[in-house]
Amino acid sequence: MSIKTKVKEKLNDKILYSNLKTFAENYKVSRANALSGLDFFKLRHDIYKSKDFTKDEILSLFEEFKSNVEKSGCTVLHAEDAASANKLIADICKKHSAEYIVKSKSMTSEEIKLNDYLEKQGLKPVETDLGEWILQIAGEHPSHMVMPAIHKTRQQVAKVFEKHTGEKIDPDDINKMVKIARKYLREFYFKAKVGITGANIAISSSGTIGIVTNEGNARLSSTVPPVHIVLVGYEKLVKNFSDAMKIIRLLPKSATGQNISTYVTWIKGSNPSFKSETGKKHTYYIFLDNGRLSFLDHPFLKDALKCIRCGSCANVCPAYEMVGGHVFGDIYIGAIGLILTSMLHDEKKAKEILSLCIGCKACSYNCPAGIDLQSIISDLNVYMGQKYSINPAKKFVYSAVLKNPSVFKSAMKVASIIQKPLLDETKENIGKLPILSDEHNFRKLPSVKEKTFSQMFKQNNFDKFNSSKKVFFYPGCAVEYFFPEMGTKMVQLLQKAGFQVDIPDTQVCCGLPAIHSGDGKSGKKTILKNLKYMGNPEEYEAFLVLCPSCGMAIKEDFKKYTLEYISEFKKSEKIANKVTSLADFLNKNNIRLKYDDNKKITYHTPCHQGRGLGFVPEDFLKETFGENFIPLKDSNVCCGFGGSFSVEYPGISSGILNKKIENIKDTKADILLTDCPGCVMQIDGGLKKQNINVKVAHLSEIFNELDIEKN
Amino acid sequence: MISIDTELNKFIEKSEAVQTKCTVLKKDDLKTILKDGNFDYIKLNTPFKTYSKDCEFTESGVSKSIVNADFAIAETGTLVINSENEQLRLATMVSESLSVVVYKSNIVSKLENIISFMNESTSRENAYIAFITGPSRTADIERVLTIGVHGPVELICYIIEDL
Ligand code: SF4
Ligand code: SF4
């Protein structure tokens, strides 16, 4: 099945939609509660540091761990790949004449497809985590790393249980279902000869593993049977208890919003076991490599091995929320799933699912291990683009058009003429594009304006305004061609405040669209060209952007793509430090605005505003609009635009947009403000299409109508 | 002492948020509970050692057990139980109702305060230490919180104020 077909199928799954939507809403609230009063960014930085190891360092932690547990007679084994791990485990089971094997939840065992292998060997593994057990008897795979059966309803679970146990089950009585699982699974702990668990943490200095669960099944699995096999990836090693506690503090908060999981079990070596003929547990540790060790030395993939498997990067992902983990990931799920699939599993499959990332950075912002997942995904896209070649039509756009200002400009000129018969009565929007299917027709698209921003800048004599206080403004493609007014309004406002505004001699795309689609080469050329036209950073107080995605590209990608060009790199670094959005600039310069109207205002935070430029203007807006400012629920959740994403996956894009529109309607605001032309395009288009009477504007457009307060 | 009471209150608040039932009492009150409580399994340190009671643990489980916690962590409402003893370990897993006794003086503020205990307990060849925070739970069906999936359905914590 092609990825687009799978996406469509999931988009039509009403149960999945409501399960994931409800969960995402609740999760955000409980996570925020659990983290209140803590410095999340400091704590996650500590985790990041404590897991920052090279291959050699991990190997020496491994040796230390090994010698610690061998003292009590345990066996520690290295498994190079999935096949050898499976074989080692099956051999141990056979050696101890096991028939039944109880397992507690382990993503690592999913990674190596352990159950399939054991069953082929005639062994009977029984999953004891409730969610995993439901899926095992239903013959399905997890759709989430922490909540494997999140895609199922109680009614579906009741059916699965009825079929398996023969008992009649009330399809609404979840309590009863849990009791059935309790009763049914309890006997297997006592029947099984072997218990298999994973480990969330392996502490080298003491040889102790830590396992986190809520149900208590890992405790039973590691206690009752006489044999305990621990399957653990090398990346779970940490140095000491102090580092381990940091993970214990953040993992449950990020996973489910719990302060701590019900059970954290610490096991060292071989403990007493009444079922063992020696009175002592037979304990085996299988350390899985499966590619991990070499990736520890990889320049941008090594960070993925800091993951503590909390699942947060799925929980906060708007695209995951639309399609679920059976599409958004493979074995591992969510943003980390896209990455680990590339590293540990099928690269072709990975290339496909990587395209599902809209680039909103919610994952990076929330990851408790401090992994910049979105940036890794973007690097992987570039890698895949090089290796498997990107769609030739896109490639043409990025390499021949976007990086070439004069060609781009003429193409836009042509577009502004040929769109004419398609414009609606306002001329601001295109009525309907005949070449696009109905699926794409979920919003009205803006028209290409006859005059570019740069032309209007000259025409209005904006370049004649001189002042000692100078800023540089980078308009970006959206302002240049689609929304020149956003730019002119901002220039007027700043000039009123006494600032001279300069712009690039020639407008070049920021390079982000090419990079995001995997065309790194064109991205780089575009960036180098751009730097030529950017003003000298020493002369300006700030480099202003009205599009935070351009801003983020300038801040992050300009440096990343100029590493081999020393003077361009230096210039990028200096500019990066000065990139500022409008409200941030006004705020820092103590410029306050007066609002006399009584229209209600709300605000959508663009993804790359808060999570890219690191400034959210809500406080500034509260100060400016007072009582008339109404906060928007999930303001910082993506609007579904994502540039070409909305063309590639219109169903996901419009699904995300509809949630945004619902929240906007709930505010009853007259005006929705935002900071990004892309978001304006998406949200305004959607509201207009649904005939909802809320005006959408960029901050610059409304700010320019207000008076500057004299102080 | 103000600081101990702050920790105590915090511990109780965090414990009750996860359905642990907390009672603060004197050691003599606990002795009465031990006498009348119909426990299947009792494993406690002095001054309650004389009440010890053993039983057999099978898949049918037992109804009531009571054991000591070495420490309690206020930040999370967690009971820290050295469970190397296999009988005790089973008791904390297959009892329908689990009671845990902790001394007020052993309530610490944060996870970090437990590190030296962890280091010491794992300096031997083997160790099994449990952090328990509330009764066993799951939310695997429709994210509905349900208590008592594999472990105890009820968790009671007795905090002895004069120890
Ligand atoms: S990558 Fe980060 S957010 Fe995602 S599962 Fe791992 S630790 Fe959690
Ligand atoms: S950047 Fe956004 S869309 Fe992409 S994986 Fe992360 S959360 Fe999901």
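Rules of the game
- Residues numbered from 1 in each chain as written.
- Chains lettered and ligands numbered in written order.
- Predicted model: local features only at pLDDT ≥ 70, side-chain atom pairs only at ≥ 80, totals over all residues.
- Heavy atoms only, no water.
- Helix = DSSP H or I, 4+ residues; strand = E, 2+ residues; numbered from the N terminus.
- Rg over C-alpha atoms; globule rule 2.2 N^0.38 Å.
- Buried < 20%, exposed > 50% of the residue type's maximum accessible area, 1.4 Å probe, protein only.
- Areas by Shrake-Rupley, 256 points an atom, 1.4 Å probe, with all protein chains shown as cover.
- Contact = heavy atoms within 4.5 Å.
- Buried area = accessible area lost by both parts, 1.4 Å probe.
- Salt bridge = Lys/Arg side-chain N within 4 Å of Asp/Glu carboxyl O.
- Pairing = 2+ DSSP bridges.
- Axes fitted to C-alpha atoms, helices over the stretch in contact; angles between N-to-C directions.
- Polar contact = N/O pair within 3.5 Å; in protein donor to acceptor, adjacent residues only side chain to side chain.

## Examining the overall build of chain B
For chain B, the count of helices and strands is 4 helices and 11 strands. Whereas a compact globule of 163 residues would reach a radius of gyration of roughly 15 Å, chain B reaches 15 Å, a difference of no more than 12%. Here chain B holds 163 residues, and 56% of them are scored as buried. Accessible surface computed for chain B: about 6500 Å², of which carbon and sulfur atoms make up 48%.

## Description of the interface of chain A and chain B
With 63 residues of chain A at the contact, the number on the chain B side is 54 residues. Approximately 5000 Å² of surface area, both sides summed, lies buried where chain A meets chain B, with 55% of it carried by carbon and sulfur atoms. Across the contact surface, chain A and chain B share 4 salt bridges. Two residues, B:Glu96 and A:Arg182, come together in a salt bridge whose shortest N-O distance is 2.9 Å.

## Re the sheet that holds strand E2 (residues 41–43) of chain B
Residue and element names in this part refer to chain B. Read across the open sheet, the 5 strands follow the order E1-E11-E6-E3-E2; overall the sheet is parallel. Either end of the sheet is taken by a strand with one partner, and the two such strands are strand E1 (20–25) and E2. Ignoring strand direction, the axes of neighbouring strands in this sheet form an average angle of 15 degrees. Bridge count for strand E3 (residues 62–68) against strand E6 (residues 95–103) is 6 bridges, and the pairing is parallel. Looking across to E6, one finds that Val67 is bridged to Val100. Packed onto the sheet, helix H3 (residues 86–94) meets E2, E3 and E6 and runs at close to 120 degrees relative to E6.

## Quick look at the side chain of A:Asn704
Residues and elements named next belong to chain A. Mapped onto the elements, Asn704 comes out in the loop between helix H35 (699–703) and strand E21 (707–708). The exposure class of Asn704 is buried, given its relative accessible area of 12%. One polar contact links the side chain of Asn704 to the main-chain amide nitrogen of Leu493, over a distance of 3.5 Å. Look past the residues within four positions of Asn704 in its chain and what remains in contact with it is Lys489, Gln492, Leu493 and Lys496.

Structural measurements only, silent on function.
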